[in-house]
Amino acid sequence: MTMRTLQTATAVVEAGAGLALLGVPSVTAWLLLGAALDAPVAVSLVRVGGVAILALGIVCWLARGDAQSRASRGVVAAMLFYNIAVASVLVFARFGHGLHGMLLWPAVAFHAAMGVWCVLSLLRKDKSLVR
């Protein structure tokens with residue numbers, strides 16, 4: 001699979017997740033972590049996170065047009081960090097805080113798989129970069 005495909009898939013999924021966190025933060029938190037957001041401060045922070053995730057989706061969408069540029073590869077490197085960090089935070093939420101929603105393990109698996117895809121995309125040598 002190409003880096004363009006990775007960036008397109010990432011853009012679509014992260015835009016959806018960002019919109020869900022922005023629009024229905026408590027429902028999204030309940031599905032992911034099995035707990036509703038009770039405090040207004042928690043809802044506000046989750047919405048800020050939703051905006052940030054939506055921004056990642058936008059960056060990936062725009063970068064996919066020049067998938068082998070250094071800037072685009074930098075986006076994929078940042079998404080590698082993001083995916084591994086999110087998977088780690090979610091695993092800690094389960095074992096460190098005892099949280100468990102119906103989408104927790106699918107989200108962990110998804111972010112781990114996306115991290116692997118990022119690594120494979122970054123390791124792939126593209127002939128257009130060799131001059």
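Relevant structure appears above.
Participant: Can you tell me about the overall build of the chain, naming the residues and giving the values?
Facilitator: Along the backbone of the chain there are 5 helices and 0 strands. What you see in the chain, going N to C, is helices and strands ordered as α-α-α-α-α. Over its C-alpha atoms, taken along the principal directions, the chain stretches across nearly 55 × 25 × 20 Å. Relative to its 131 residues, the chain shows a buried fraction of 34%. Restricting the contact set of the chain to residue pairs at least 6 apart, pairs at least 24 apart contribute 76%.

Participant: Tell me about helix α3 (residues 40–63), and name the residues and values.
Facilitator: Side chains that are three or four residues apart share a direction in an α-helix, a result of its 3.6 residues per turn. Here α3 is 24 residues long and its end C-alpha atoms lie 35 Å apart, about the 34 Å a rise of 1.5 Å per residue gives. Looking at α3, one finds that the buried residues are V43, G50, I53, G57, C60 and A63. Of the surrounding secondary structure, the elements contacted by the buried residues of α3 are α1 (3–23), α2 (25–33) and α4 (70–97).

Participant: Give me the lowdown on a nonpolar patch on the surface, citing residues and values where you can.
Facilitator: Together, V12, I58, W61 and L62 make up a nonpolar patch on the protein surface, roughly 420 Å² of accessible area in all. Per-element tally for the nonpolar patch: the top contributor is α3, with 3 residues. The exposure class assigned to W61 is partly exposed, which follows from its relative accessible area of 39%.

Participant: Which residues make up the packing of α4 against helix α5 (residues 104–123), and what values go with them?
Facilitator: Here α4 crosses α5 at 155°, and the two axes come no closer than 8 Å. If you check the angle between α4 and α5, you find them roughly antiparallel. Our pair here, α4 against α5, has a crossing hand that is left-handed.

Participant: Give me the packing of α1 against α3: which residues, what numbers.
Facilitator: Running from amino to carboxyl end, α1 crosses α3 at an angle of 160°, the nearest separation of the two axes being 7 Å. Overall, the two elements α1 and α3 adopt an arrangement that is roughly antiparallel. In this structure, α1 meets α3 at a crossing whose hand is left-handed. When grouped by side-chain class, the residues that make up the contact of α1 with α3 number 14 nonpolar, 7 polar and 2 charged.

Participant: Please provide a residue-by-residue account of the nonpolar core, values included.
Facilitator: The biggest cluster of nonpolar side chains holds 20 residues, and the ones touching the most others in it are L6, M79 and L90. Going through the elements one at a time, α1, α3, α4 and α5 are the ones with two or more residues in this core.

Participant: Outline the environment of Q7, supporting the account with residue identities and numerical values.
Facilitator: Summarising the element assignment, Q7 is placed in helix α1. Judged by relative accessible area, which is 1%, Q7 ranks as buried. Those residues in contact with Q7 that sit more than four places away from it in its chain are C60, W61, A63, R64, A67, S72, V75 and V76.

Rules used throughout
- The residue count restarts for each chain, going from 1 along the sequence in the order it is written.
- A pLDDT threshold of at least 70 governs which residues receive local features in this predicted model, and a stricter bar of 80 or more applies before side-chain atom pairs are shown or counted, although totals over entire chains, interfaces and linings include all residues.
- Side-chain measures here rest on the full set of heavy atoms in the structure, leaving out hydrogens and waters.
- Counting from the N terminus, the helices are DSSP H or I runs at least four residues long and the strands are E runs at least two residues long.
- The rule is simple: take the accessible area with a 1.4 Å probe, protein chains only, and divide by the maximum for that residue type; under 20% is buried, over 50% is exposed, in between is partly exposed.
- Whether two residues touch is decided by their heavy atoms; if any such pair falls within 4.5 Å, the residues are in contact.
- What a helix is expected to span follows from its residue count: subtract one and scale by 1.5 Å.
- In this analysis, a patch consists of residues with relative accessible area above 30% that form no salt bridge, clustered at 9 Å for like charges and at 5 Å for the nonpolar side chains Val, Leu, Ile, Met, Phe, Trp and Tyr.
- Only the protein chains shown count as cover for residues, and all accessible areas are computed by the Shrake-Rupley method using a 1.4 Å probe.
- In what follows, salt bridge is the name for a side-chain nitrogen of Lys or Arg lying within 4 Å of a carboxyl oxygen of Asp or Glu.
- Lines fitted to C-alpha atoms define the axes, with helix axes restricted to the stretch in contact, and inter-axis angles between N-to-C directions lie between 0 and 180 degrees.
- Each angle receives one of four descriptions, namely roughly parallel if under 35 degrees, roughly antiparallel if over 145, roughly perpendicular if within 65 to 115, and oblique otherwise.
- The handedness criterion is simple: a crossing whose near helix is rotated anticlockwise from the far helix by less than a right angle is left-handed, and one whose near helix is rotated clockwise is right-handed.
- Residue type decides the class: Asp, Glu, Lys and Arg count as charged, Ala, Val, Leu, Ile, Met, Phe, Trp, Tyr, Cys and Pro as nonpolar, and the leftover types, Gly among them, as polar.
- The definition of a nonpolar core used throughout is a set of buried Ala, Val, Leu, Ile, Met, Phe, Trp, Tyr and Cys residues joined through side-chain atoms within 4.5 Å.

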